[in-house]
There are 2 protein chains.
Amino acid sequence: MDRIPILKFGDALLVTIQVDMHDRMATALEEDLTTRIVQYGAHGVLIDISTLEIVDSFMGRMLDGIASVSRMLDAETVVVGMRPAVAITLVELGLSLSGVRTALNVERGMELITRTREAQDVADAGTEDDDRRPA
Amino acid sequence: MDRIPILKFGDALLVTIQVDMHDRMATALEEDLTTRIVQYGAHGVLIDISTLEIVDSFMGRMLDGIASVSRMLDAETVVVGMRPAVAITLVELGLSLSGVRTALNVERGMELITRTREAQDVADAGTEDDDRRPA
């Protein structure tokens, strides 16, 4: 088992990281995620890291990488369930995960994605001549 | 890492099984799940097994066990993402998972839990003197 399952939830994809990632697994996850984002037209990627007690620089860069690629495909990445100790370690490592948004848990992460999407829709609608949404 | 994360989603809890379970892990999962069901007042448990290529009799009994315990705590268990080969193996092993409901994916599983709950609420309301829902 060297693939991490990607679950679809409405407009978003959910990934729970439960094992220590190695190179090949990280690459496979990034590939699978991009395929699914396009396949489902997903607007958000939720990555749950609540079981991770340690996040090293490899994992930090992986999260940043996933966020960058997802953004190019018009999907927002939200990392959820980060432990306080992990946050401290990341800052100490100089990894601020600037491209990644965070939320306390999956539900709040999902709300964040929905709200961001709605705000974008409103902004898009504002640029139209009338109030109707583009088809 | 020998604990499987349990994510809360509205009225339901979500567990993704990604690794081969051993005894201690299965016991820990059952304990954690029951604690969370009570803590959040959850009405459903979704268990995603989409990455599992093999489900042996140990895993089959574990799923049955979780379903039985959850039912006692008024939560429905839905196993989602079962591969066709796994379904065939389970039947061949004589494990029909009679106490477990199944759904093709997480979204359908969630719908199933919501629908079951609504049907129960209607049934409960019907036993009242008037149509108002009990407080």
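Residues numbered from 1 in each chain as written. Chains lettered and ligands numbered in written order. Predicted model: local features only at pLDDT ≥ 70, side-chain atom pairs only at ≥ 80, totals over all residues. Heavy atoms only, no water.

(A) Representation of the relation of the copies chain A and chain B. Rotating chain A by 180 degrees and translating it 0.0 Å along the rotation axis places it on chain B, where the RMSD comes to 0.0 Å. Put plainly, the chains are arranged around a two-fold axis. An overlap of 100% is found between the interface residues of chain A and their copies at the interface of chain B, pointing to a shared contact surface. (Least-squares fit on C-alpha atoms with pLDDT ≥ 70 in both. Contact = heavy atoms within 4.5 Å.)

(B) Broad picture of the sheet that holds strand 2 (residues 12-16) of chain B. Residues and elements named next belong to chain B. Strand order across the open sheet formed by five strands is 1-2-3-4-5, with mixed pairing between neighbours. Looking at strand neighbours, the two that pair on one side only are strand 1 (6-9) and strand 5 (101-103), the edges of this open sheet. The average undirected angle you get between the axes of adjacent strands in this sheet is 30 degrees. Most of the contacts of helix 2 (residues 57-72) go to strand 4 (residues 76-80), to which it runs at about 150 degrees, and overall it touches strand 3 (44-48) and strand 4. (Pairing = 2+ DSSP bridges. Helix = DSSP H or I, 4+ residues; strand = E, 2+ residues; numbered from the N terminus. Axes fitted to C-alpha atoms, helices over the stretch in contact; angles between N-to-C directions.)

(C) Highlighting the interface of chain A and chain B. Counting residues at the interface gives 20 residues for chain A, matched by 20 residues for chain B. In this assembly, chain A packs against chain B so that about 1900 Å² is buried in total across both faces, 67% of it on carbon and sulfur atoms. At the junction of chain A and chain B, the tally comes to two salt bridges. A salt bridge links Lys8(A) to Glu107(B), with the shortest nitrogen-to-oxygen separation between them at 3.2 Å. Mapped by element, the contributors of at least two residues to the side of chain A that touches chain B are strand 1 (6-9), strand 2 (12-16) and helix 4 (106-126) of chain A. (Buried area = accessible area lost by both parts, 1.4 Å probe. Salt bridge = Lys/Arg side-chain N within 4 Å of Asp/Glu carboxyl O.)

(D) Expanded view of the sheet that holds strand 3 (residues 44-48) of chain A. Residues and elements named next belong to chain A. Taken together, five strands build an open sheet; the order of strands is 1-2-3-4-5 and the sheet is mixed. Looking at which strands have only one partner, the edges of the open sheet turn out to be strand 1 and strand 5 (101-103). In this sheet, adjacent strand axes meet at a mean angle of 30 degrees when their direction is disregarded. Two elements, strand 4 (residues 76-80) and strand 5, share three bridges in a ladder whose sense is parallel. Each residue of the ladder has a partner; that of valine 80, found in strand 5, is alanine 103. Strand contacts of helix 1 (residues 23-40): strand 1, strand 2 and strand 3, with the helix running at about 160 degrees to strand 2, the strand carrying the most contacts.

(E) Fine view of the packing of helix 1 of chain A against helix 2 (residues 57-72) of chain A. Residues and elements named next belong to chain A. With their axes 10 Å apart at the nearest point, helix 1 and helix 2 run at an angle of 20 degrees to one another. Judged by the angle between their axes, helix 1 and helix 2 are roughly parallel. In this structure, helix 1 crosses over helix 2, and the sense of that crossing is right-handed. Together, Asp23, Ala26, Leu29, Glu30, Leu33, Thr34 and Ile37 of helix 1 and Phe58, Met62, Gly65, Ile66, Val69 and Ser70 of helix 2 make up the contact between the two elements. Of the residues belonging to the contact of helix 1 with helix 2, the class tally is eight nonpolar, three polar and two charged. (Parallel < 35°, antiparallel > 145°, perpendicular 65-115°, else oblique. Left-handed = near helix turned anticlockwise from the far one by under 90°. Nonpolar A, V, L, I, M, F, W, Y, C, P; charged D, E, K, R; others polar.)

(F) Layout of the pairing of strand 1 of chain B. Residues and elements named next belong to chain B. As defined by bridge partners, strand 1 adjoins strand 2 across four bridges and the pair is classed as antiparallel. Counted as the bridge partner of lysine 8 is leucine 13 from strand 2. Hairpin connection from strand 1 to strand 2: two residues lie between these consecutive antiparallel strands, with glycine 10 at a positive phi of about 55 degrees.

(G) Just the environment of Met110(B), in detail. Residues and elements named next belong to chain B. Along the polypeptide, methionine 110 turns up in helix 4 (residues 106-126). When its relative accessible area of 17% is taken as the criterion, methionine 110 is described as buried. Taking the C-alpha atoms as reference points, methionine 110 and leucine 46, separated by 64 residues in sequence, lie 7.5 Å from one another. (Buried < 20%, exposed > 50% of the residue type's maximum accessible area, 1.4 Å probe, protein only.)

Keep in mind these numbers describe shape, not what the thing actually does.
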